[in-house]
Amino acid sequence: EQQQREEWGSKIGLILAMAGNAVGLGNFWRFPYQAAKNGGGAFMIPYFGALILLGLPLMLCEWQLGRYGGKYGHGTLGPMVYLQAREGLNPKSAAIIASIAGAFAFAVTLLVNSYYNHLIGWTLGYAVMSVTGGYMDTAKGTGDIFVSYIQNPAQVFTFWVIALAGLAWAVMRGVQEGIEAWAKLMMPVLYVFGIILAVRALTLGAPANPDWSALKGLNFVWNPDFSTLNWGSALAAAGQIFFTMSLGMGIVCNYASYLKPEDDVVVSSVAMISLNEFAEIVLGGSIVIPIAYAFLGPDGISAGVGLSFIAFPNVFRVMAGGQIFGALWFFLLFFAGFTSAIAMYNYLVALLEEDLGIERKKGAIYIFLAYIVVGLPVGLESILTKTADLAYFTEVDNWVGSYLLLVLGLIEVCVVAFFMKEKALTEINKGALWRVPSWFFNLFIRGITPVTLTIVLFFSTKTYIDAGYFRIVPSFVEQTPVLVPWVQAARVVIFLVLLVGFLQSYKSIKTKYGKELESG
Ligand code: PHE
Ligand code: NA
């Protein structure tokens, strides 16, 4: 009944596409400031804990969910989760849980990408500025340059639309000719740029202050400090693992749906994780942290979100060959972001394709327009309010880009572990070179992973309450009344998108599996 589904062209293409999906701004922009903000050495312990206890097991679940769903012609999460939940639940309850999962994935791919596309636009703008020397003039601080960048509609909108048009064009060409082709080109270049930058960073010495040096920066991250471990750093670490591995987003499942039924998911999961972690802790960790430390010292390293766009241009001004290294850095960020955003984009195009029968080319144009609409407030906020707080962006990121990922991950692992049960293990091991042993399945997927995730989620909720995120006027905008409507608007948008996502998923499941739903 199903028309021929698209498939990956080659093993290497698939791995690079998956690496492109995972390796993103999360590795180079988000990881360093999360590590810095959470005490460096104290962050890496829960980070590796989360990698093993949550990341790896969930990655196997997502590849399995995706390949299985693909066999039935699905590339979206609602029906994928339904197919496995119905193995252990009555069809109605299965459909409801699956629709919640579908709603979350829809919200993530639509709303996280709505700000992520802006970040990609900034990286492109800054890459161009590096080449033209746009931030080299020391008369103006790099902080002011950044603020005037995000408050300048010509810059913000031009590079954002260029980035979006590039994504539209790539997705339009399909899985092999578009997604895979771009990954095969951009990912190797990204690793080469990353290695050049890392070597440069590690050979910096102590150019700004004899007490600071690139190697002291490394020491800051790689010196495990158990005494400063706390719940905050553990939560941040779990959140980072989800974000960086693209877990709880639906986009790993979507890419896995283009596998052939016997394609290995175990080796591929491990390869994807390895490539992502290499880019994150080896490259990201040896570029950003040593440079920041060598030039800005221990305080500069916690510059946070602004590290890439404010602190770094400052460094490139004084570094020998700074313009070239600046260009390499921002193009690296651009490639990283682009190959991740393609995955979110493709998820939504697949949704239109499968559920509304809209063909890929047209779908890509509709999604382009949708991203323009949902991304508009992100771009407009700084321009209209003359602030640089990015409150709308922050609200969407706090809920959809962090919290929902964990909830969706928990739903996925529970469905696989407790409803699909042993069948899931059989599925994971189909075509696998290295078979996952049943003790691993029982101990992790049916035990440690869901329990740990539940605990993490409980404490995340508590942290969110304490941080005032649940309040009508969240604490982080209290002092800036002009931003309050932007946060409220973000909440309305999130709610509506979740509602539409739920109804759409339910309808899609009902259309395909209506008979069993009625009998159940
Ligand atoms: N894993 C991606 C990253 O590290 C997460 C992501 C994918 C974010 C797609 C946005 C869009 O950046
Ligand atoms: Na990543």
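Residues numbered from 1 in each chain as written. Chains lettered and ligands numbered in written order. Predicted model: local features only at pLDDT ≥ 70, side-chain atom pairs only at ≥ 80, totals over all residues. Heavy atoms only, no water.

Quick word on the coordination of the sodium ion (ligand 2)
Working step 1: Donor atoms from the polypeptide that bind the sodium ion (ligand 2) are Ala22 (O), Asn27 (OD1), Thr244 (O), Thr244 (OG1) and Asn276 (OD1), placed at 2.1 to 2.7 Å.
Working step 2: Geometry at the sodium ion (ligand 2) is octahedral, judged from the 6 donor atoms that bind it and their angles of 79 to 167 degrees at the metal. (Donors = N, O, S within 2.8 Å, 3.2 Å for Na, K, Ca; no water. Tetrahedral: all angles 85-135°; square planar, octahedral: opposite > 155°, others 65-115°.)

So, the pattern of salt bridges
Working step 1: Here the structure, examined in full by the defined rule, presents 14 salt bridges.
Working step 2: The shortest N-O distance in the salt bridge between Glu422 and Arg446 comes to 3.1 Å. Within this pair, whereas Glu422 is found in helix α17 (residues 422-429), its partner Arg446 is found in helix α18 (residues 438-466), the two being separated by 24 residues in sequence.
Working step 3: We classify Glu422 as partly exposed; its relative accessible area is 48%.
Working step 4: Among the salt bridges present, the one from Glu427 reaches Lys430, with a minimum N-O distance of 2.9 Å.
Working step 5: Among the residues examined, Lys430 registers a relative accessible area of 28% and is labelled partly exposed.
Working step 6: What you see here is one network of salt bridges that share partners, running through Arg67, Lys71, Glu427 and Lys430. (Salt bridge = Lys/Arg side-chain N within 4 Å of Asp/Glu carboxyl O. Helix = DSSP H or I, 4+ residues; strand = E, 2+ residues; numbered from the N terminus. Buried < 20%, exposed > 50% of the residue type's maximum accessible area, 1.4 Å probe, protein only.)

Notes on the packing of aromatic side chains
Working step 1: Applying the stated rule across the entire model yields 46 aromatic pairs.
Working step 2: An angle of 80 degrees between the planes, with centres 6.0 Å apart, marks the rings of Tyr469 and Phe476 as edge-to-face.
Working step 3: These aromatic residues form a ring-pair network of at least three members: Phe28, Trp122, Tyr126, Tyr135, Phe146, Tyr149, Phe309, Phe312, Phe316, Trp329 and Phe330. (Phe/Tyr/Trp six-rings, centres within 6.5 Å; stacked < 30°, edge-to-face > 60°.)

Some words on the environment of Glu280
Working step 1: Checked against the element boundaries, Glu280 lands in helix α12 (residues 266-300).
Working step 2: Residue class for Glu280 comes out buried when judged on its relative accessible area of 0%.
Working step 3: With 250 residues separating them in the primary sequence, Glu280 and Arg30 have C-alpha atoms 9.7 Å apart.
Working step 4: When residues no more than four places from it in sequence are discounted, the contact partners of Glu280 are Gly26, Asn27, Phe31, Tyr47, Gln240, Thr244 and Gly285. (Contact = heavy atoms within 4.5 Å.)

Side note on the site of ligand 1
Working step 1: Lining the immediate surroundings of ligand 1 are 15 residues, of which Ala22, Gly26, Tyr116, Phe243 and Ser246 lie closest.
Working step 2: At 2.9 Å, a backbone N or O of Gly26 approaches an oxygen atom of ligand 1.
Working step 3: Between ligand 1 and the protein, one listed contact pairs a nitrogen atom with a side-chain N or O atom of Ser246 at 2.8 Å.
Working step 4: When ligand 1 sits alone it has 320 Å² of accessible area, and the protein chains cover 100% of it.
Working step 5: Put simply, the parts of the chain that give the shell around ligand 1 at least two residues each are α1 (11-22), α2 (25-37), α5 (91-132), α10 (231-244) and α14 (322-356).
Working step 6: Among the residues making up the shell around ligand 1, the classes are represented as 7 nonpolar, 8 polar and no charged. (Near = heavy atom within 4 Å. Polar contact = N/O pair within 3.5 Å; in protein donor to acceptor, adjacent residues only side chain to side chain. Areas by Shrake-Rupley, 256 points an atom, 1.4 Å probe, with all protein chains shown as cover. Nonpolar A, V, L, I, M, F, W, Y, C, P; charged D, E, K, R; others polar.)

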